[in-house]
Amino acid sequence: QVQLVESGGGLVQAGGSLRLSCTASRDTFMRNVIGWYRQAPGKQRELVATINTDDRTHYGDRVNSRFTISRDNAKNTVYLQMNSLKPEDTATYYCNAGLNLYYSGPTWGQGTQVTVSS
């Protein structure tokens, strides 16, 4: 059973930082692209960042250099380091497992809330 477990969300002031973690089963982690997506109230879910098994990454247009995605193969975990957070980064962040850096796959985590206050 594919399982993705997110953690690390919370409340932070604008300009602050958070690190999200997504831990997957070993098989899922080693066979899939793992990505972060986010969805704010009333808006469509959007790609934040993805990483494949060769450490190739892709970022959404709205995060550019503020966010960094990485993976720890020993821990079956993908991290999303978020710096210089803005109120518009407020959303529920979801971990996803798929086969493509540019499109989400069918498997989602439960989501973790990130709230950035101004």
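Definitions and cut-offs
Note that residues are indexed from 1 along each chain, following the sequence as it is written. This being a predicted model, a pLDDT of at least 70 is required before a residue's local features are given, and a value of 80 or more before pairs of side-chain atoms are given or counted; all residues contribute to the totals for chains, interfaces and linings. The side-chain values count all of the structure's non-hydrogen atoms but skip hydrogen atoms and water molecules. Type-normalised accessible area, obtained with a 1.4 Å probe on protein chains alone, sets the label of each residue: buried when under 20%, exposed when over 50%, and partly exposed for intermediate values. Helix numbers and strand numbers start at the N terminus; a helix is a DSSP run of H or I with at least 4 residues, a strand a run of E with at least 2. Being paired, for any two strands, means DSSP has found at least two bridges between them. Aromatic rings from Phe, Tyr and Trp, taking only the six-membered ring of Trp, are treated as a pair when their centres fall within 6.5 Å; an angle between ring planes under 30 degrees marks them as stacked, one over 60 as edge-to-face, and anything in between as tilted.

Draft legend 1. Quick peek at the pairing of strand β9 (residues 91-98). Within β9, eight of the eight residues are buried, which leaves it mostly tucked inside the rest of the structure. Across seven bridges, strand β4 (residues 33-39) lies against β9 in antiparallel orientation. What sits directly across from W36, in β9, is C95. As paired elements, β9 and strand β11 (residues 112-117) share three bridges and run antiparallel to each other. When the bridges of β11 are listed, T92 appears paired with Q113. When β9 meets strand β10 (residues 107-108), the two strands line up antiparallel, connected through two bridges. Each residue of the ladder has a partner; that of N96, found in β10, is W108.

Draft legend 2. Quick look at the packing of aromatic side chains. Enumeration according to the criterion identifies two aromatic pairs in this entry. Between Y37 and W108, the ring centres sit 5.3 Å apart and the planes meet at 75°, which makes this aromatic pair edge-to-face. Separated by 71 residues along the polypeptide, Y37 in strand β4 and W108 in strand β10 bring together distant segments of the chain. According to the relative accessible area criterion, W108 is partly exposed, its value standing at 31%. Relative to W108, the ring of Y94 lies with its centre 6.3 Å away and its plane at 85°, an arrangement referred to as edge-to-face. Taken together, the residues span a long stretch of sequence, with Y94 in strand β9 and W108 in strand β10 at a distance of 14 residues. Of the residues examined, Y94 reaches a relative accessible area of 16% and is grouped as buried.

Draft legend 3. Seen up close, the environment of P41. By secondary structure assignment, the location of P41 is in the loop between β4 and β5 (46-51). On the accessibility criterion, P41 (76% relative accessible area) is exposed. For the pair P41 and V116, spaced 75 residues apart in the sequence, the C-alpha separation amounts to 14 Å.

Such coordinate-based values are descriptive only and should not be taken to indicate function.
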